Amino acid sequence: MKLGVLLKTVPDTETKIKLTGDQTGIDPQGVKYVMNPFDEYAVEEALQIRDRLKDGSTVTVFSLGSDRSVETLRTALAMGADDAVHISDPAFEGGDALATARVLAAVIRPLEFDLILCGKQGIDYDASQTPGAVAELLGIPQVCVAVDIELDAGAGTLVVKRRVEGGDEVVEVTLPAVVTCEKGLNDPRYASLPGIMKAKKKEIKQVTLADTGLEADAVGAAGSRTKIVRYHPLPDRPECKMLAGEPAEMAAELARALREDAKVI
Amino acid sequence: MSKDILVFVEMRDDKIKKVTYELIAAARHLAEKTDGAIHIALLGDAIDSHADTLKEYATGSCYAVQNPALARYSTQGYASGLEAVISKSGAGVVLFGATSMGKDLSARVAAKTDAALFTDCTEMDIDGEVLTVKRPVYSGKVYAECVTVGDGLHMVSVRPNIYPPAGPVDGGSAEVVAVDLPVDAAAIKAMVKEIVSVSGARKDVTEAEIIVAGGRALKNADNFKLLEELADVLGGSVGASRAAVDAGFAPHSIQVGQTGKVVNPKLYFAIGISGAIQHLVGMRTSKVIVAVNKDANAPIFQKSDYGIVGDLFEILPLMTQEFKKLLA
């Protein structure tokens with residue numbers, strides 16, 4: 001099986017997000033960038049499938065982004081991925097989900113993967129749009145928010161448990177397909193020291209606009225139908241009313257306040 | 001760009017989900033600006049009675065795509081049906097709930113139609129050709145103001161519990177227009193085989209108006225009964241922090257936070273939850289937040305509206321008692 005994994009590089013969860021003075025961008029100073037946490041489940045799942053099959057199946061990881069993506073690709077190689085591809089070009093900058101998906105699909109299409117895995121969303125834009133767009137452009141099915149994947153390699157099908165409101169949908173899908181990964185799918189491994197050393201020496205393939213065959217106006221900001229114009233900080237919440245007194249008094253006061261002041265019960 | 005707005009109806013277990021009526025309210029807000037009609041896209045199998053209900057809410061038409069292949073959700077089936085409705089209705093803006101179904105479907109249909117798509121929006125407005133939205137980004141730490149660029153369809157998935165549910169239109173009902181499903185059932189490559197229900201009697205946290213959530217301080221799964229008792233008195237649902245889920249006290253399906261669910265209730269109780277950023281991400285847009293924690297310095301108090309410092313095992317039963325009295 002040919003397994004592909006799409007990776008994104010995002011600010012670490014703990015990072016305090018600071019806006020630039022005119023609020024049109026995020027200040028990158030002091031931001032720690034990491035592999036998108038949901039993508040870790042995707043890498044791990046691909047590795048587990050490959051290692052279970054033991055039939056020469058391969059795991060290739062892709063990332064579209066600036067030089068920051070290289071670190072993320074090396075992390076995936078260190079975890080055990082076989083090959084890594086860095087997709088980068090000034091023309092790709094400012095691309096929204098669909099413009100990005102166009103590039104990813106163009107790169108992936110000729111490689112004929114059996115299964116493409118990625119995180120359910122990037123924790124920067126939290127949009128969950130790119131995977132579905134990639135699947136549509138490749139003309140293959142998608143199953144999103146997977147918490148369990150059972151592969152029948154012989155039949156070329158997957159049974160995926162997909163987390164939805166109120167429970168899980170059990171979906172049977174014919175490969176090739178795109179599957180997005182949710183927490184609970186697996187326990188991503190840490191890269192071993194030998195893995196990290198090996199990854200340092202591995203060649204990362206570089207792909208630019210010219211390699212995709214796409215026109216410049218189909219990618220990046222030029223190819224996007226959406227644009228972020230400004231960021232707004234969260235509205236402040238008024239100061240917390242700390243209740244006082246005996247536990248019974250506080251409980252009674254809370255009930256009163258929620259009914260009469262906040263009017264939520 | 002067409003002035004008309006199309007609302008995608010979300011159904012599960014043969015019931016119209018509440019978010020659908022919130023979308024209709026959102027559609028009315030946009031239609032006032034564009035002076036356009038509101039259409040409804042209803043896909044499924046046994047949908048006749050739903051079509052009758054929903055035609056009271058549209059000012060344009062209620063488009064019904066009825067087919068046994070649509071009895072359960074499938075990306076391919078629903079994308080095919082919805083694309084046909086978009087085409088037939090001539091709508092310029094399509095609204096979805098930012099739910100598992102809505103996010104899955106909108107991403108696919110937007111790519112199919114080269115539409116501008118914004119996910120999980122908390123505000124939106126329209127001025128001529130340009131649709132503007134606000135949506136939380138960076139795990140809800142900031143809001144992004146986004147606009148559409150150029151000609152073409154605009155699509156928005158709306159965060160549940162933001163718009164109040166709409167009532168029927170005053171005077172007259174719309175027509176129901178049948179639309180054939182273009183794709184063949186045999187061609188659908190991903191099918192739902194079964195649904196494993198988890199939440200039981202209480203609403204899923206993403207749909208709950210009131211949530212009582214507990215952290216690892218609850219000490220074990222049994223103690224979550226204390227949260228359940230309070231939730232039941234209030235008619236709410238029970239949630240859990242990641243720490244509680246990782247410790248095995250609660251299932252992942254009720255986990256609130258960055259690696260769990262994003263909720264937007266009118267009232268959120270954080271019981272024995274310290275208030276780590278990853279948890280806040282999942283509940284910080286709640287209208288009213290109440291925190292109970294024995295640590296006066298817990299960060300949760302900085303993001304709450306009401307705070308009680310104390311032993312949750314003492315406070316919780318007292319709260320349940322007081323709310324029972326109040327609501328009797």
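Residues numbered from 1 in each chain as written. Chains lettered and ligands numbered in written order. Predicted model: local features only at pLDDT ≥ 70, side-chain atom pairs only at ≥ 80, totals over all residues. Heavy atoms only, no water.

Moving on: the packing of aromatic side chains. Summed over the entire model, instances satisfying the criterion amount to eight aromatic pairs over all chains. On the basis of an interplanar angle of 65° and a centroid distance of 6.0 Å, the ring pair of Tyr125(A) and Tyr138(B) is categorised as edge-to-face. You can see Tyr125(A) sitting in the loop between strand E6 (115–119) and helix H4 (130–138) and its partner Tyr138(B) sitting in the loop between strand E9 (130–137) and strand E10 (142–148), one on each of two chains. Relative accessible area serves as the criterion here: at 32%, Tyr125(A) is assigned to the partly exposed category. (Phe/Tyr/Trp six-rings, centres within 6.5 Å; stacked < 30°, edge-to-face > 60°. Helix = DSSP H or I, 4+ residues; strand = E, 2+ residues; numbered from the N terminus. Buried < 20%, exposed > 50% of the residue type's maximum accessible area, 1.4 Å probe, protein only.)

Taking strand neighbours across the sheet as the criterion, the six strands line up as E13(A)-E18(B)-E17(B)-E16(B)-E14(B)-E15(B) in an open arrangement whose pairing is parallel. Here the strands that pair on one side only, and so sit at the sheet edges, are strand E13 (241–242) of chain A together with strand E15 (237–240) of chain B. Bridging between strand E17 (residues 288–293) of chain B and strand E18 (residues 306–309) of chain B involves four bridges; their strand directions are parallel. The residue of E18(B) that forms the bridge with Ala291(B) is Gly307(B). The strands touched by helix H7 (residues 247–261) of chain A are strand E16 (267–271), E17 and E18 of chain B; relative to E18(B), the strand with the most contacts, the crossing angle is about 175°. (Pairing = 2+ DSSP bridges. Contact = heavy atoms within 4.5 Å. Axes fitted to C-alpha atoms, helices over the stretch in contact; angles between N-to-C directions.)

By a frequent convention, interface size equals the accessible area lost on bringing the separate parts together. With 93 residues of chain B in contact, the opposing surface of chain A contributes 76 residues. Buried surface at the junction of chain B and chain A, summed over both partners, amounts to about 7,300 Å²; 57% is from carbon and sulfur atoms. The three residues of chain B that bury the most area against chain A are Arg108(B), Tyr138(B) and Tyr306(B), which together make up 12% of that side's buried surface. Inspection of the region where chain B meets chain A yields six salt bridges. On inspection of chain B and its partner chain A, the count reaches 47 residue pairs in polar contact (both at pLDDT 80 or more). Looking at which element gives the most residues to the side of chain B that touches chain A, the answer is helix H4 (residues 100–113) of chain B, with nine residues. For the side of chain B that touches chain A, the residue count by class is 43 nonpolar, 24 polar and 26 charged. (Buried area = accessible area lost by both parts, 1.4 Å probe. Salt bridge = Lys/Arg side-chain N within 4 Å of Asp/Glu carboxyl O. Polar contact = N/O pair within 3.5 Å; in protein donor to acceptor, adjacent residues only side chain to side chain. Nonpolar A, V, L, I, M, F, W, Y, C, P; charged D, E, K, R; others polar.)

So, on to empty space enclosed by the protein. Applying the stated rule across the entire model yields three cavities of 30 Å³ or more. A volume near 80 Å³ is recorded for the largest cavity. Lining the largest cavity are Gln142(A), Val143(A), Arg162(A), Glu169(A), Val171(A), Tyr73(B), Ser74(B), Thr75(B), Asp104(B), Ala190(B), Met191(B) and Val192(B). Contributing elements (two or more residues each) for the lining of the largest cavity: strand E7 (142–152) and strand E9 (167–174) of chain A together with strand E13 (190–197) of chain B. Of the residues forming the lining of the largest cavity, the biggest block, three residues, is contributed by E13(B). Of the residues that constitute the lining of the largest cavity, the class distribution is six nonpolar, three polar and three charged. By volume, the second largest cavity is sized at about 50 Å³. Contributing to the lining of the second largest cavity are Ile140(A), Pro141(A), Gln142(A), Thr75(B), Gln76(B), Arg108(B), Ile188(B) and Ala190(B). (1 Å grid on protein atoms, 1.4 Å probe; cavity = no way out; pocket = protein on both sides within 12 Å on 5 of 7 lines; lining within 4 Å. Points joined across faces, edges and corners; volume = space filled by probe spheres on them.)

Geometry only, nothing functional implied.
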